[in-house]
Amino acid sequence: MIKKFKKISEEVLHQNPWYAYKHDVFEFPDGKQGDYFYLESPGASMTVPVLPDGRIVLIRQYRYLVDKFSLEFPAGGIKPGQTARQTAAIELKEETGYDAEELISVAEFEPNNGFMKDKMHVFLAKLSTQEPGEAKPEATEEIEVSIRY
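Remember, predicted model here, so these are calculated numbers, not experimental data.

A. Region of the structure containing the overall build of the chain. What the chain contains, in helices and strands, is one helix and eleven strands. Ordering the α and β elements of the chain from the N terminus gives β-β-β-β-β-β-β-α-β-β-β-β. Over its C-alpha atoms, taken along the principal directions, the chain stretches across nearly 60 × 35 × 30 Å. Burial analysis of the chain (149 residues in total) assigns 31% to the buried set.

B. Broad picture of the pairing of strand E3 (residues 33–40). Sheet topology note: the strand E2 (residues 20–27)/E3 ladder contains eight bridges and is antiparallel. What sits directly across from Val25, in E3, is Asp35. Between E2 and E3, which pair antiparallel and follow one another directly, the connecting turn spans five residues, one of which, Gly31, has a positive phi of 95°. Direction of pairing for E3 relative to strand E9 (residues 116–117): parallel, over a ladder of two bridges. Paired with Glu40 across the bridge in E9 is Lys117.

C. Focus on helix H1 (residues 84–96). Taking 1.5 Å of rise per residue, the 13 residues of H1 would be expected to cover 18 Å, and the 18 Å separating its terminal C-alpha atoms lies within 8% of that figure. Every buried residue belonging to H1 is among Ala84, Thr87, Ala88, Glu91, Leu92, Glu95 and Thr96, and all of these are buried. Buried residues of H1, viewed axially, fall in a sector of 130°; they line one side. Of the residues trailing H1, Gly97 is marked for its positive phi of about 90°.

D. Just the pairing of strand E6 (residues 68–72), in detail. Strand direction decides the pairing type here: strand E5 (residues 56–63) and E6, joined by five bridges, are antiparallel. Pairing of Gln61 across the sheet is with Ser70, part of E6. Where E5 folds back onto E6 in an antiparallel hairpin, the turn is made up of four residues, including Asp67, whose phi is positive at roughly 55°.

E. Representation of the pattern of salt bridges in the model. Applying the stated criterion across every chain yields a total of eleven salt bridges. Glu40 is paired through a salt bridge with Lys22; the nearest N and O atoms lie 2.3 Å apart. Here Glu40, found in strand E3, pairs with Lys22, found in strand E2; they are 18 residues apart in sequence, far enough to count as distant. Take Glu40: its relative accessible area is 22%, and that puts it in the partly exposed class. Under the relative-accessibility criterion, Lys22 is labelled buried at 9%. The salt bridge partner of Lys119 is Glu108, with a shortest N-O separation of 3.5 Å. Of the two residues, Lys119 is situated in the loop between E9 and strand E10 (120–127) and Glu108 in strand E8 (residues 100–109); the sequence distance between them amounts to eleven residues. Judged by relative accessible area, Lys119 falls into the partly exposed class, the value being 34%. One salt-bridge network, in which partners are shared between bridges, spans Lys7, Glu10, Lys22, Asp24, Glu40 and Lys117.

Cut-offs applied
Residues numbered from 1 in each chain as written. Predicted model: local features only at pLDDT ≥ 70, side-chain atom pairs only at ≥ 80, totals over all residues. Heavy atoms only, no water. Helix = DSSP H or I, 4+ residues; strand = E, 2+ residues; numbered from the N terminus. Buried < 20%, exposed > 50% of the residue type's maximum accessible area, 1.4 Å probe, protein only. Pairing = 2+ DSSP bridges. Expected span 1.5 Å × (residues − 1). Arc of directions from axis to C-beta. Salt bridge = Lys/Arg side-chain N within 4 Å of Asp/Glu carboxyl O.

Set out below in structure tokens:
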């Protein structure tokens, strides 16, 4: 049987529009106390865009922390008042220029659950056209669209 830890207290150390940095004091099953520091977010949505011919659309996005481009599926954080599905559609359009003919929820997972409370919602995006519209990434994003088999 798995023994659970008991939360004693929680405090927000820093907060910005995307994350809260938190500190919990907790109790181990043997009664000793520990500290846990972590990030918490409202979650995010990712799309796996599929063209009518079956190829998938990825983006090459510059990532500041590693100072290089990364090949990724379109994704973004859920903003207040948005659902995971709405976020998936918005991020797909902003980052690739494509509109989804259909968005199918396929999975949810916690990508960094050792240091972050953050649920990723994954959608399959069926696209109705081979050609994208105009992508409009946010000012902080440098993105190129890449189509792969």
